[in-house]
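Survey of secondary and tertiary structure
These are the residues of each chain, in order.
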Amino acid sequence: VPELPEVEFAARTLRRLMLGRRVLRVETDARARRIFRPDAPGALGRALTGARLQRVDRRGKQLLLTFAPGARPGGAARRAGPAPAGAIGVASHLGMTGKWTGGPGAPATGWARASFWLDDGAVVHYDDPRMFGRLRLVPGADFAALPEVAALGPDPVADGLDARALGEGLAATRRPVKVALLDQSLLAGVGNIHAAEACWRARLDPRRRADRLSPPEVAALARGLRATFRFALAKLDGPEIEYIEEGGDNPFHVYGREGLRCRHLGCGGVVRRLVQAQRSTYLCPRCQR
Ligand SMILES: [Zn+2]
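A brief look at the structure comes next. Nothing here was measured: the structure is a model prediction, and the numbers come from that model. (Residues numbered from 1 in each chain as written. Predicted model: local features only at pLDDT ≥ 70, side-chain atom pairs only at ≥ 80, totals over all residues. Heavy atoms only, no water.)

To continue, consider the overall build of the protein chain. Assigned secondary structure in the protein chain consists of eight helices and 10 strands. In terms of overall size, the protein chain behaves like a compact globule, its C-alpha atoms giving a radius of gyration of 21 Å where 289 residues would be expected to give roughly 19 Å. Once the C-alpha set of the protein chain is aligned to its principal axes, its extents read approximately 70 × 35 × 30 Å. Going through the 289 residues of the protein chain one by one, you find that 51% of them count as buried. Partitioning the contacts of the protein chain with sequence separation of at least 6, the portion at a separation of at least 24 is 66%. Entry remark: accessible area of the protein chain is about 13500 Å², with carbon and sulfur atoms responsible for 51%. (Helix = DSSP H or I, 4+ residues; strand = E, 2+ residues; numbered from the N terminus. Rg over C-alpha atoms; globule rule 2.2 N^0.38 Å. Buried < 20%, exposed > 50% of the residue type's maximum accessible area, 1.4 Å probe, protein only. Contact = heavy atoms within 4.5 Å. Areas by Shrake-Rupley, 256 points an atom, 1.4 Å probe, with all protein chains shown as cover.)

Next up, the structure:
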């Protein structure tokens, strides 16, 4: 399931393939209504045909695309600038299986829910087999008007991670620290894998009450979060991405490693799996306290 690093990979893919390009034609999958809700699938093509992609931003797991509208027949010339009058926004959330792919003349897979033919001959596809993702038109590119964007806390990669602010957020909740980390209003983009990995790096038991961590523990957790994202982003250097659920390699240190030795040097513990808030958590009971 895509977390911050995978969504950052998608942002880089879109910048590489689509930034500055004009959309000549759009095809959408009429069966994928829930991806495009509240609009009908065809509305995306009507809004974006002739438009040019001007910005690709990422806030947590949200990709925010800003298009400048195409020149309308007999209309005034396009204005320049980051948010021109009549800008068209698209908020893209990858859900569980969403991916942006493409290239020059790239053929669609069976999972393409939207395909964009560009003025340089490239074709960009939004693939999503399970259709939990979203591609949502945002009039005027006013992303702050979307409740799911307005509610996001700081992005630990794009905005940097402030350990003091993290400590204040954790002090305000009695939930277990790993569950608290999944709250997107605390930090945007932390998901199940990186919450578990950060706790392991900080040698913190993920069941600890968030409001009872000491300042050095919060500082260790902040370091753990920075390190796990840096590690994951460094792995995403190829042109394609494979999610761990698709059989991709497991590069992680505790996630998905139940029954295997803890990777902390000299620990000798064995990784355990437990369930917190209906999600799998992995930890080393020996070194995570
Ligand atoms: Zn250990």
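Right, let's get into helix α8 (residues 215–235). For α8, which comprises 21 residues, the first-to-last C-alpha distance of 31 Å matches the rise-based estimate of 30 Å (1.5 Å per residue) to within 8%. For α8, the complete set of buried residues consists of Val218, Ala220, Leu221, Ala222, Gly224, Leu225, Ala227, Thr228, Phe229, Ala232 and Leu233. Elements in contact with the buried residues of α8: α1 (4–18), α5 (163–171), α6 (177–181) and α7 (192–201). (Expected span 1.5 Å × (residues − 1).)

This next bit is on the sheet that holds strand β2 (residues 52–59). Strand order in the open sheet formed by four strands is β2-β3-β4-β8, and the pairing between neighbours is antiparallel. Since the sheet does not close on itself, it has two edges, and those belong to β2 and β8 (134–139), each with one partner. The average undirected angle you get between the axes of adjacent strands in this sheet is 20°. By the bridge criterion, seven bridges tie β2 to strand β3 (residues 62–68) in an arrangement that is antiparallel. Residue pairing in the sheet places Val56 in a bridge with Leu65 of β3. Across the sheet, α1 is in contact with β2 and β3; its angle to β2 comes to roughly 165°. (Pairing = 2+ DSSP bridges. Axes fitted to C-alpha atoms, helices over the stretch in contact; angles between N-to-C directions.)

Within the largest apolar cluster, 37 residues are counted, with the highest numbers of intra-cluster contacts made by Phe67, Trp100 and Phe116. Residue contributions to this core peak at seven residues, all from α1. (Core = buried A, V, L, I, M, F, W, Y, C linked by side-chain atoms within 4.5 Å.)

Attention now moves to the packing of aromatic side chains. The relative placement of two aromatic rings is captured by the distance of their centres and the angle of their planes. Inspection of every chain in the model, using the stated rule, returns four aromatic pairs. Between Trp100 and Tyr126, the ring centres sit 5.3 Å apart and the planes meet at 50°, which makes this aromatic pair tilted. Highlighted residues: Trp100 in strand β5 (residues 99–104) and Tyr126 in strand β7 (residues 122–127), separated in sequence by 26 residues. Take Trp100: its relative accessible area is 5%, and that puts it in the buried class. The buried category is assigned to Tyr126, whose relative accessible area is 0%. Geometry around Phe132 places Arg34 over its ring, the cationic atom sitting 4.6 Å from the centre. Taking NZ or CZ as reference, Lys99 lies 5.0 Å from the ring centre of Tyr243, over its face. (Phe/Tyr/Trp six-rings, centres within 6.5 Å; stacked < 30°, edge-to-face > 60°. Lys NZ or Arg CZ within 6 Å of the ring centre and 35° of its normal.)

All we've got here are geometric facts, nothing functional implied.
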